[in-house]
Amino acid sequence: MASRRRPADSVKTDKKKKKKKTTTSEETAELCSLVGDEQVKKSVQEAWSQRTAHTQGDLELDCQPFPHCIIKNFLGSETFVENLQRELMELNFHEKSNDLYKFKQSDDLKKRTEPHISGLRAALFGRFRSWLGEVLQVELEPVVDISCAKYEYTDVLLCHDDELEGRRVAFILYLVPPWQSSDGGTLDLYTTDSSFQPQSIVKSLVPSLNTLVLFEVSPVSFHQVSEVLTRDKCRLSLSGWFHGPSLERPPRHRGPPIPRSPHLPRDETLLLEWVNPVYLDISYQEQIQEEFEDSSEIQLKGFLKEEKFKEVKEALAQIQWTKRGPPNKRCYEAATMNTLPQCVKLSTPMCCGELRRWSNGGYTLLHDTEASRAEYALDLVLPFCGADWQSEFGGFTCYVANEEDEELLTVYPEDNSLALVYRDKETLKFVKHVNHKSLSDSENSLTCRSFYDFSFVYYE
Ligand SMILES: O=C(O)CCC(=O)C(=O)O
Ligand SMILES: [Fe+2]
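Residues numbered from 1 in each chain as written. Chains lettered and ligands numbered in written order. Predicted model: local features only at pLDDT ≥ 70, side-chain atom pairs only at ≥ 80, totals over all residues. Heavy atoms only, no water.

By the naming in an unreviewed UniProt entry, the protein chain goes by Prolyl 3-hydroxylase OGFOD1 and is assigned to Liparis tanakae. Under the UniProt heading Sequence similarities (unreviewed entry), the entry covering the protein chain gives this text: "Belongs to the TPA1 family." (UniProt positions renumbered as here; feature names shortened; annotations may be inferred.)

Given below as structure tokens:
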């Protein structure tokens, strides 16, 4: 199954379409002299095939954690770069947001006739493609697959491998103002474990003007664009793929299924002790049941008794947390079960459940292997988030239709409000990336704000 929801969808060649007459003429893009040099080509080819590092002037090939090539001053003319930037900034951009990313993407670049955009496109998919094909010793197709992206404050593209039928080599050309790692927006490269799952970031590339980055799309090419932290700069880039025969992929790793514990029988004393008495009233329960049957979702505000809610809230501070990954599927902290204080233990899961902590950088992703496991389920989430958690921080749960990206429902965390959602086989959920806005600005230093939730899933 092809990977879903990648930043740019694969673009097909329009062989049948006639070339439209345009009023603008194409501006030739000069590429840096390295690309024309036979000797350079030979040595890069040799180094890439041997998986060894190689540097020659503005070109650097590094094979850790996976082979990638950085070419500084890629375009020969500064004026060309400036004009290209200007043309790109004048395009229409569309806000793109899902589990994996939040950024702005331009109109389709394949058909643009601006002189510098079309000039670059011709150079990349013409001369440069031939050079790259020779370096990698593969036949790269003339398929044009390129788009322009703008990442601004809190924008992000989480861990992914770019894998999609036909994509062989990924490229990114940065068109950024002077940029530092503290501005965020680095291209982070992950190591992988023996089952090809991403592990940790071992290299972060800081974008810089007129630098081209290339890497082969492979089972280990996991990378991310870290959250942009600067509030006043825009990370502009052109990115896309050279198409060709895909590298062989091992079967997708599914990871062990999460163990399910049996449902505890209903315990009246426990309910009386913990739950807000309004929810124990039979006629109110009937009303809730009716509403839930109608809409498959409901929020039970003030679910726990005030004093119980407080008791748990205080106990949450004493828990030990463990990071949950891998980063292509999820990133948050889960409570280590044996460190749970007594009052929290009472609320431990009856089926599949966790006590989770969410802070800047946390998320879960829709993943192909999870999608194929989807089944009817009842989700219960009880957040402990304080009154000041805002929706723009992220951390809300989105329900989407499998395969399509149609958003069905968004559940925002609300203190002591039990959210119940009954979902069918075609419905998947993810927790939206918790961004930098969640850090609170106290006396000129940023402090990490986090929230907790008890998350239970009941299966049929
Ligand atoms: O902009 C970057 O540095 C990487 C972009 C990327 O990974 C993608 O578009 O798939
Ligand atoms: Fe990518």
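Still more to cover.
Student: Would you explain the pattern of salt bridges in this entry?
Tutor: A pair can form between side chains of opposite charge whenever their charged atoms are brought close. Within this structure, the stated rule accounts for 24 salt bridges. Among the salt bridges present, the one from Asp155 reaches Lys104, with a minimum N-O distance of 2.6 Å. Of this pair, Asp155 sits in the loop between β6 (146–151) and β7 (156–160) while Lys104 sits in strand β5 (residues 101–106); the two residues are 51 residues apart in sequence, bridging distant segments of the chain. You'll find Asp155 and Lys104 in the same group, each marked buried. The closest approach of N and O atoms between Glu333 and Arg357, which form a salt bridge, is 3.0 Å. (Salt bridge = Lys/Arg side-chain N within 4 Å of Asp/Glu carboxyl O. Helix = DSSP H or I, 4+ residues; strand = E, 2+ residues; numbered from the N terminus. Buried < 20%, exposed > 50% of the residue type's maximum accessible area, 1.4 Å probe, protein only.)

Student: Explanation requested: the packing of aromatic side chains in the structure shown.
Tutor: Two aromatic rings are characterised by how far apart their centres lie and by the angle between their planes. Per the stated rule, a full pass over the model turns up 21 aromatic pairs. Plain terms: the ring middles of Trp358 and Phe451 are 6.5 Å apart, the flat faces sit at 25° to each other, and that makes the pair stacked. Pair noted here: Trp358 is in strand β17 (residues 352–358) and Phe451 is in strand β26 (residues 451–459), with a separation of 93 residues, a long-range link. Accessibility assignment for this pair places Trp358 and Phe451 in one class, buried. A centroid spacing of 6.2 Å and a plane angle of 25° characterise the contact between Tyr376 and Tyr422, whose relative ring orientation is stacked. Taken as a pair, Tyr376 in the loop between α8 (368–371) and β19 (377–384) and Tyr422 in strand β22 (residues 418–423) lie far apart in primary sequence, 46 residues in all. Among the residues examined, Tyr422 registers a relative accessible area of 32% and is labelled partly exposed. Over the ring of Phe93 we find Lys150, and its NZ or CZ is 4.2 Å from the ring centre. Between Arg235 and the ring centre of Tyr151, over which it is positioned, the NZ or CZ distance is 5.3 Å. (Phe/Tyr/Trp six-rings, centres within 6.5 Å; stacked < 30°, edge-to-face > 60°. Lys NZ or Arg CZ within 6 Å of the ring centre and 35° of its normal.)

Student: What exactly am I supposed to notice about the environment of Gln199 here?
Tutor: Mapping Gln199 onto the fold places it in strand β10 (residues 198–205). Sequence separation between Gln199 and Pro327 is 128 residues, and the spatial gap between their C-alpha atoms is 7.1 Å. When residues no more than four places from it in sequence are discounted, the contact partners of Gln199 are Tyr190, Thr191, Thr192, Asp193 and Pro327. (Contact = heavy atoms within 4.5 Å.)

Student: Looking at this model, I keep getting lost on the packing of helix α2 (residues 78–89) against helix α3 (residues 115–136). Mind explaining?
Tutor: Two elements in contact, α2 and α3, have axes whose closest approach is 8 Å; the angle formed by their N-to-C orientations is 115°. It follows that α2 is roughly perpendicular to α3 by the angle criterion. When the axes of α2 and α3 are compared, the crossing they make is left-handed. For the pair formed by α2 and α3, the contact residues are Phe80, Asn83, Leu84, Glu87 and Leu88 on the first element and Pro115, His116, Ile117, Gly119 and Leu120 on the second. A class-by-class count of the residues in the contact of α2 with α3 yields six nonpolar, three polar and one charged. (Axes fitted to C-alpha atoms, helices over the stretch in contact; angles between N-to-C directions. Parallel < 35°, antiparallel > 145°, perpendicular 65-115°, else oblique. Left-handed = near helix turned anticlockwise from the far one by under 90°. Nonpolar A, V, L, I, M, F, W, Y, C, P; charged D, E, K, R; others polar.)

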